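# Structural features, examined
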Amino acid sequence: MLARYGISPKGSASLPDTFSCIFQGIIPYGAQMLVAISTCAALGYAISAFDIIPLLFYPFLLCLPSLLFILFDKK
């Protein structure tokens, strides 16, 4: 199957792993979001996941090159 579509084993493992990190970082009750909310609560701030989502830069910046790789990969 991988040879049929020209996908390397590294690529077939790397892309799903990358996108799982992206979506895990964005969903409101993912591990990263819960850690951020609990850290804010420990510091005395009341914040929700929906307050944090517009401030997420890493998952969105990770998504951009991943999508570009998929779109423009010449292999």
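Scroll up for the structure.
Residues numbered from 1 in each chain as written. Predicted model: local features only at pLDDT ≥ 70, side-chain atom pairs only at ≥ 80, totals over all residues. Heavy atoms only, no water.

### Details of the packing of helix α2 (residues 9-26) against helix α5 (residues 58-72)
How we decide: Axes here mean lines fitted to C-alpha atoms, for a helix over just the part in contact, with angles spanning 0 to 180 degrees between N-to-C directions. Each helix corresponds to a stretch of at least 4 residues labelled H or I by DSSP, and each strand to a stretch of at least 2 residues labelled E; elements are numbered beginning at the N terminus. Between 65 and 115 degrees an angle is taken as roughly perpendicular, under 35 as roughly parallel, over 145 as roughly antiparallel, and anywhere else as oblique. Handedness of a helix crossing follows the sense of rotation of the near helix relative to the far helix, less than a right angle counterclockwise being left-handed and clockwise being right-handed. Note on definitions: a residue-residue contact is assigned when non-hydrogen atoms from the two residues lie within 4.5 Å. In this classification, the charged set is Asp, Glu, Lys and Arg, the nonpolar set is Ala, Val, Leu, Ile, Met, Phe, Trp, Tyr, Cys and Pro, and all remaining amino acids, among them Gly, are polar.
Between α2 and α5, the least distance of the axes is 9 Å, while the angle of their chain directions is 150°. It follows from the interaxial angle that α2 and α5 lie roughly antiparallel. The way α2 lies across α5 gives a crossing that is left-handed. On α5, the residues touching Leu-15, Thr-18, Phe-19, Cys-21, Ile-22, Gly-25 and Ile-26 of α2 are Pro-59, Phe-60, Leu-62, Cys-63, Ser-66, Leu-67, Phe-69 and Ile-70. Its residues assigned to classes, the contact of α2 with α5 shows twelve nonpolar, three polar and no charged.

### Looking at the state of the cysteines
The line we're drawing: Throughout, a disulfide means two cysteine sulfur atoms within 2.5 Å of one another. Buried, partly exposed and exposed residues are distinguished by accessible area as a fraction of the type maximum, computed with a 1.4 Å probe on protein chains only: under 20%, between the cut-offs, and over 50%, respectively.
A complete count under the given rule lists zero disulfides for this structure. Of the cysteine sulfurs around Cys-21, a residue in no disulfide, the closest is that of Cys-63, at 12 Å. For Cys-21, a relative accessible area of 37% translates into the label partly exposed.

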